[in-house]
Amino acid sequence: MNIDINKLVRQNILNLKPYSSARDEFSGTEGIFLDANENPNGSFNRYPDPHQAKLKSMIGKVKSVEPENIFLGNGSDEVIDLIFRTFANPGKDKVIVCPPTYGMYEVSANINDVEIVSIPLLPDFQLDKQAIFETIEQDTAVKLIFICSPNNPTGNLIEGIEEIIEKFNGIVVVDEAYIDFSPESSKAQAIHKYNNLVVLQTLSKAWGLAGVRVGFAFAQSEIIALLNKIKPPYNISTLNQQQALARLSHPEEFEAERNEILAERERLEKELMQLAIVKQIYPSNANFLLVEVDDANNVYNSLVMKNVIVRNRNSVIKNCIRITVGTKQENDRLLKELKEISQ
Ligand SMILES: Cc1ncc(COP(=O)(O)O)c(C=O)c1O
């Protein structure tokens, strides 16, 4: 099913005449560049490539996606905000968010003055499809649905996403920030089937570049063109593009680290289960574990006192903490401190 994307776009964005940078008007590399008010000296004196051609080509190879289907953001957080600004009219349109999930969907909705329709995950942390279908049937102001898979902070893959994409006359954003830990479940290739699907991925998690700030959106070229139209022209710095390219050029290093993290996750899970304070550990498809303990606030505070910081999720899932899988040494230290707390 192909839906009319232009009907979903905010009128001011459709009408927008985007900024045309000096590097848009002339993109060759040979010549004397007196067009962008740069200082002629130095090695980072030039503005970066606003289209990030080299980086997109490399990401395309690694992810089997064509460059024309890739948009790059200053982290996927920037892409989340740009999606709101493209499709959701402030004070009028709505977004479906399925908590407990990543907090930025709600924050971005609030920044953009977009009403949130909250449809909590079921007790098994899967989508309440019935409630989602009823809502999108009854409320035409819902323009966006955010689905996080694997979900943060629960760690599980979300099922039945394509059913939602098929039934919804709006944009479905599938946030796959943690998908490199279970790549076979990615929806990236489904962008060719659905023109209302946006898949988000990032270099911040398995790829180890959270400090570099590069996130991707995969979608059909119509949506990619809209995001390109409204992004700040030079949103990915030269340094960030270089670092991302260098990292993506060595997929064998990335694979080795990912496998080590997965092995550590398994070990951590086994050892945590031995502790009296641990009640249950939810299955994880990501690089973290959601752990139910007897008293999350107490466990969290006791760990902080020992300079070990985990994420207290007690306010969203009772007595749960979220533990990121660290290095072997970090995990050993965490286990040592938890054993002491457990006694
Ligand atoms: C589900 C999810 N999406 C997106 C992000 C943000 O990623 P980025 O660093 O690419 O902005 C995070 C970071 O924690 C996340 O957990």
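As shown above, the structure is provided for reference.
Residues numbered from 1 in each chain as written. Predicted model: local features only at pLDDT ≥ 70, side-chain atom pairs only at ≥ 80, totals over all residues. Heavy atoms only, no water.

A. Just the site of the ligand, in detail. Residues in contact with the ligand amount to 13 residues; listed here are only the nearest, Ser-76, Asp-175, Thr-202, Ser-204 and Arg-213. A distance of 2.8 Å is found between an oxygen atom of the ligand and a side-chain nitrogen or oxygen belonging to Tyr-178. Compared with its free state, where it exposes 400 Å², the ligand has 92% of that area covered by protein. (Near = heavy atom within 4 Å. Polar contact = N/O pair within 3.5 Å; in protein donor to acceptor, adjacent residues only side chain to side chain. Areas by Shrake-Rupley, 256 points an atom, 1.4 Å probe, with all protein chains shown as cover.)

B. Representation of helix H12 (residues 296–305). By the burial criterion, the buried members of H12 are Ala-296, Val-299, Ser-302 and Leu-303. An end-on view of H12 places all buried positions within 135° of arc, on one side of the element. Against the buried residues of H12 lie strand S9 (288–293), strand S10 (311–312), strand S11 (320–324) and helix H13 (328–342). Positive phi appears at Asn-307, one or two residues downstream of H12, with a value of about 65°. (Buried < 20%, exposed > 50% of the residue type's maximum accessible area, 1.4 Å probe, protein only. Helix = DSSP H or I, 4+ residues; strand = E, 2+ residues; numbered from the N terminus. Arc of directions from axis to C-beta. Contact = heavy atoms within 4.5 Å.)

C. Quick peek at the packing of helix H5 (residues 76–87) against helix H9 (residues 221–230). Where H5 meets H9, the closest approach of the two axes is 10 Å, and the angle between their N-to-C directions is 100°. Here H9 runs roughly perpendicular to H5, going by the angle between their axes. Contacts from Leu-82, Ile-83, Arg-85, Thr-86 and Phe-87 of H5 reach H9 at Ile-223, Leu-226, Leu-227 and Ile-230. A per-class count over the contact of H5 with H9 returns seven nonpolar, one polar and one charged. (Axes fitted to C-alpha atoms, helices over the stretch in contact; angles between N-to-C directions. Parallel < 35°, antiparallel > 145°, perpendicular 65-115°, else oblique. Nonpolar A, V, L, I, M, F, W, Y, C, P; charged D, E, K, R; others polar.)

D. Up close: the sheet that holds S9. Pairing is antiparallel across the open sheet formed by four strands, whose spatial order is S8-S9-S11-S10. Two strands close off the open sheet at either side, each with one partner strand: strand S8 (278–281) and S10. Taken together, the two bridges between S10 and S11 define a ladder with antiparallel strand orientation. The partner of Arg-311 across the bridge, within S11, is Arg-322. (Pairing = 2+ DSSP bridges.)

E. Just the state of the cysteines, in detail. Counted according to the given criterion, the structure contains zero disulfides. No disulfide involves Cys-148; its sulfur sits 10 Å from the nearest other cysteine sulfur, which is in Cys-98. This cysteine, Cys-320, is not joined by any disulfide, and Cys-148 carries the nearest cysteine sulfur, 16 Å off. For Cys-320, a relative accessible area of 1% puts it in the buried group. (Disulfide = S-S within 2.5 Å.)

F. Structural context of empty space enclosed by the protein. Enumeration over the complete set of coordinates arrives at one cavity of 30 Å³ or more. The computed volume of the largest cavity comes to approximately 40 Å³. Residue lining of the largest cavity: Cys-98, Thr-101, Leu-121, Leu-127, Phe-146, Ile-147, Cys-148, Asn-151 and Ile-158, and that is the complete set. The residue makeup of the lining of the largest cavity, split by class, is seven nonpolar, two polar and no charged. (1 Å grid on protein atoms, 1.4 Å probe; cavity = no way out; pocket = protein on both sides within 12 Å on 5 of 7 lines; lining within 4 Å. Points joined across faces, edges and corners; volume = space filled by probe spheres on them.)

G. Fine view of the sheet that holds strand S2 (residues 94–97). Taken in spatial order, the seven strands of this open sheet run S1-S7-S6-S5-S4-S2-S3, and their pairing is mixed. Two strands lie at the open edges of the sheet, namely strand S1 (70–73) and strand S3 (115–118), each paired on one side alone. Adjacent strand axes in the sheet meet at a mean angle of 25°, parallel and antiparallel pairs treated alike. Pairing geometry for S2 and S3, over four bridges, is parallel. Residue pairing for S3: Ile-96 is matched across the bridge by Val-117. Each of S2, S3 and strand S4 (142–148) is contacted by helix H7 (residues 129–138), which is oriented at about 160° to S4, the strand it contacts most.

H. Spatial organisation of the pairing of strand S6 (residues 197–202). With six of six residues buried, S6 is to be regarded as a mostly interior element. Neither face of S6 is open: one carries Leu-197, Val-199 and Gln-201, the other Val-198, Leu-200 and Thr-202, and all of them are buried. Across four bridges, the pairing between strand S5 (residues 171–175) and S6 is parallel. Each residue of the ladder has a partner; that of Val-172, found in S6, is Leu-197. As paired elements, S6 and strand S7 (residues 215–218) share four bridges and run antiparallel to each other.

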